[in-house]
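# Geometric and topological summary
Each chain, letter by letter, is given below.
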Amino acid sequence: MIEMFKKVVFENYANFDGRARRREYWMFVLGYYVLIFVLAFVSAIVPIVGPLVLAVGVLGVIVPSIAVSVRRMHDVGKSGWYCLIPYYNLYLYCIDGEKGANQYGPDPKNQFEDINEIGNDKI
């Protein structure tokens, strides 16, 4: 879980291109809620600095959460704007992504997609 969260937040901070698997999306969501819970707990214990830490934590993860949502929509073959449609976006977050490459990039589940290209070099 932590590796997926770090991958989304640090490596793909504002990356709106490509595709994100269900696992990547839901591990990020789980990590986000754990982070918010811990920051809220610290905010309750340390009333002077705690709310500031909570606000910085929430604001710091807004861009990666939007980016991973858009990439998840790309995985199911939809535009990132589908994130704005209530209930239907939840359905799209839960279904399996398109098999093979689509207009948004290669299939993130298929690591061996290039194996079909061996021997097909055009000279």
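Further up the page is the structure itself.
Read on for a plain summary of the structure. Model, not experiment: these values are computed from the prediction. (Residues numbered from 1 in each chain as written. Predicted model: local features only at pLDDT ≥ 70, side-chain atom pairs only at ≥ 80, totals over all residues. Heavy atoms only, no water.)

## Section: the packing of helix H2 (residues 22-45) against helix H3 (residues 50-60)
Here is the rule we go by: In this analysis an axis means a line fitted to C-alpha atoms, helices contributing only their contacting stretch, and an angle means the value between N-to-C directions, from 0 to 180 degrees. Under the scheme used here, helices are H or I runs from DSSP no shorter than 4 residues and strands are E runs no shorter than 2 residues, and both carry numbers assigned from the N terminus. Throughout, the term roughly parallel applies to angles under 35 degrees, roughly antiparallel to angles over 145, roughly perpendicular to angles from 65 to 115, and oblique to all others. Crossing chirality is assigned from the near helix's rotation relative to the far helix, an anticlockwise turn below a right angle marking it left-handed and a clockwise turn marking it right-handed. Contacts are assigned to residue pairs that have any heavy atoms within 4.5 Å of one another. Nonpolar residues are Ala, Val, Leu, Ile, Met, Phe, Trp, Tyr, Cys and Pro. Charged residues are Asp, Glu, Lys and Arg, and all others, Gly as well, are polar.
With their axes 7 Å apart at the nearest point, H2 and H3 run at an angle of 165° to one another. Relative to H3, the element H2 is oriented roughly antiparallel. For the pair H2 and H3, the sense of crossing is left-handed. For the pair formed by H2 and H3, the contact residues are Tyr32, Ile36, Leu39, Ala40, Val42 and Ser43 on the first element and Gly50, Pro51, Val53, Leu54, Gly57 and Val58 on the second. Per-class residue counts for the contact of H2 with H3 are nine nonpolar, three polar and no charged.

## Concerning empty space enclosed by the protein
Gaps left between atoms are located by rolling a probe of water-molecule size over the structure's atoms. Put simply, the test is: Put plainly, a pocket is an open set of points on a 1 Å grid over the protein atoms alone with protein on both sides within 12 Å along at least five of seven lines, a cavity is a set where a 1.4 Å probe fits but cannot get out, and a lining residue has an atom within 4 Å of a point. Grid points are joined across faces, edges and corners, and a volume is the space filled by probe spheres set on the points.
This structure, assessed with the given rule, holds one cavity of 30 Å³ or more. Space inside the largest cavity adds up to approximately 60 Å³. For the largest cavity, the full set of lining residues is Arg21, Asp75, Asp96, Gly97, Glu98, Lys99, Asp107, Pro108 and Lys109. Residues of the lining of the largest cavity, tallied by class, amount to one nonpolar, one polar and seven charged.

## Brief notes about the packing of aromatic side chains
To be explicit about the condition: Ring geometry is summarised as follows: Phe, Tyr and Trp rings, the Trp one being its six-membered ring, pair when their centres sit within 6.5 Å, and such pairs are stacked at plane angles under 30 degrees, edge-to-face over 60 and tilted between the two. Exposure is judged per residue with a 1.4 Å probe applied to protein chains only, and the accessible area is read against the type maximum: over 50% gives exposed, under 20% gives buried, and values in between give partly exposed. Placement of a charge over a ring requires the Lys NZ or Arg CZ to be within 6 Å of the ring centre, with the centre-to-atom vector within 35 degrees of the ring normal.
Per the stated rule, a full pass over the model turns up seven aromatic pairs. When the ring of tyrosine 82 is compared with that of tyrosine 88, the centres are 6.0 Å apart and the planes differ by 55°; the resulting orientation is tilted. For the pair tyrosine 88 and tyrosine 91, a centre-to-centre distance of 6.1 Å together with 25° between the ring planes defines the contact as stacked. Pair noted here: tyrosine 88 and tyrosine 91 are both in helix H5 (residues 88-94), with a separation of three residues, about one helical turn. A relative accessible area of 31% places tyrosine 88 in the partly exposed class. Through a chain of ring-to-ring contacts, three or more aromatic side chains come together here, namely Phe5, Phe28, Tyr32 and Tyr33. A cation over a ring is seen here: lysine 78 above tyrosine 82, with NZ or CZ 5.3 Å from the ring centre.

The analysis is restricted to geometry; functional conclusions fall outside its scope.
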